[in-house]
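Here's the letter readout for the chains.
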Amino acid sequence: MKSKPTSFDIAYRAGVSQATVSRALRDSPLVNEETRRRVQAIAKELNYTVDKHASGLRRQRATTLALLLFEDPTPDDSLINPFFLSMLGSITRAAARQGYDLLVSFQQLSDDWHADYQDSHKADGLILLGYGDYLVSRGRLERLVQQGTHFVRWGAVVDGQPGVSIGCDNHQGGRSATEHLIAQGRRRIGFLGTASPHCPEFFDRYAGHCAALHAAGLDVNAALQVDAADSTELVGYAAMRELLARGAGVDAVFAASDLLAIGALRAIGEAGLGVPDDIAVVGFDDIPMARFATPPLTTVLQDTKQAGELLVDTLLAQIGGEPATSRMLPAQLVIRRSCGAALPADRVPPAMPDR
């Protein structure tokens, strides 16, 4: 044994590869718990510590990741989708746990955001949150692949997509939301959100919605779907007003995001209708304000904690020359009073969980 232990010494003792040791010491979710504990116990026994700066110099790395946040339409000046705020916290903590600094850069969609951060030594790789129109952004993603940039994006997993993405199972989430509404006796269920490949997340949620209708023997009525490309309360408000104006006799609405759903709640109230008595409402994302809506909003939760960990770990795998693949996380239905089937405890917003 050398006077100063190395990760190779730990790998030999643990019977795993050096790459597995690196992941285990970063608390990577890609290493099973038993192996992670064994590696960490050996590292503690050997008094092994990671010098991230020396490691970065040896590998010609910045030990910094760049998080590119893209502007979203908002009623205030933040221009940040509130869903991404919890994701930002999760990514920051995950990067810190793995010994990396995080450079956060706010981008306009019109900017040349595919510029090479790696060649300028600003960062070892990119995490992309939000990208606007997928079909427009696809060309820039392809250029990132062509120039060998390490990057991972949060978004739908699309066949033939450029690069790697971590996303939610939007189809399953959309199906679960609509199946729940059907189970509550709702039959004329509207959908607020653009059903187009330009917005693959919303498109997949709509496909899941339609699958649930078909499985229940219900027709997909085009009059019950209203496009809403931007995910804001104002867009949801306008879309719900349009749906009501069509006179289609809607008795429930599945909105492709919580912000759209919150806007829909206001439009329903202004029309003199009650939620959930007249129209049940379900959103998607489970942003913090969903539980404070009136009534508290039933929604589909995306696990931002696990998402942040996987985004960082997948990017670091690429940087380390290891294979990295796209992953879809399961979606979880969170039932509150906006659909008429919630526990009495939902009348008072519970304490915020540490997600």
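Residues numbered from 1 in each chain as written. Predicted model: local features only at pLDDT ≥ 70, side-chain atom pairs only at ≥ 80, totals over all residues. Heavy atoms only, no water.

Colleague: Explain the sheet that holds strand 3 (residues 125–129) residue by residue, including any values.
Modeller: The sheet built from six strands is open, its strands ordered 2-1-3-4-5-11 with parallel pairing. Whereas interior strands pair on both sides, the edge strands pair on one side only; in this sheet they are strand 2 (101–107) and strand 11 (327–329). The mean inter-strand angle of the sheet, taken between neighbouring strand axes irrespective of direction, is 20°. Across four bridges, the pairing between strand 3 and strand 4 (residues 151–154) is parallel. Across the sheet, residue L129 finds its bridge partner in strand 4, namely W154. On top of the sheet, helix 6 (residues 134–146) reaches strand 3 and strand 4; it is set at about 160° to strand 4, its chief contact. Where helix 11 (residues 304–319) meets the sheet, its contacts fall on strand 1 (64–70), strand 3, strand 4, strand 5 (164–168) and strand 11, and the angle it forms with strand 4 comes to roughly 160°. (Pairing = 2+ DSSP bridges. Helix = DSSP H or I, 4+ residues; strand = E, 2+ residues; numbered from the N terminus. Axes fitted to C-alpha atoms, helices over the stretch in contact; angles between N-to-C directions. Contact = heavy atoms within 4.5 Å.)

Colleague: Could you give an account of helix 6, with specific residues and numbers?
Modeller: Since the α-helix advances by 3.6 residues per turn, residues separated by three or four positions end up pointing in the same direction. Taking 1.5 Å of rise per residue, 13 residues should cover 18 Å, and helix 6 covers 18 Å from first to last C-alpha, within 8% of that figure. Those residues of helix 6 not exposed but buried are Y134, S137, R140, L141 and L144. In this structure, the buried residues of helix 6 make contact with strand 3, strand 4 and helix 8 (200–215). After helix 6 finishes, the residue G148 shows a positive phi value of roughly 75°. (Expected span 1.5 Å × (residues − 1). Buried < 20%, exposed > 50% of the residue type's maximum accessible area, 1.4 Å probe, protein only.)

Colleague: Go over the confidence of the model for the protein, please, and point to the residues and values.
Modeller: A low pLDDT score tells you not to read the predicted coordinates there in detail. Here the protein averages 86 in pLDDT, and 85% of its residues register 70 or above. Segment residues 347–355 is flagged for pLDDT under 50; beyond a separation of four residues in sequence, or across chains, it makes 15 contacts in the model. (pLDDT = per-residue confidence, 0-100.)

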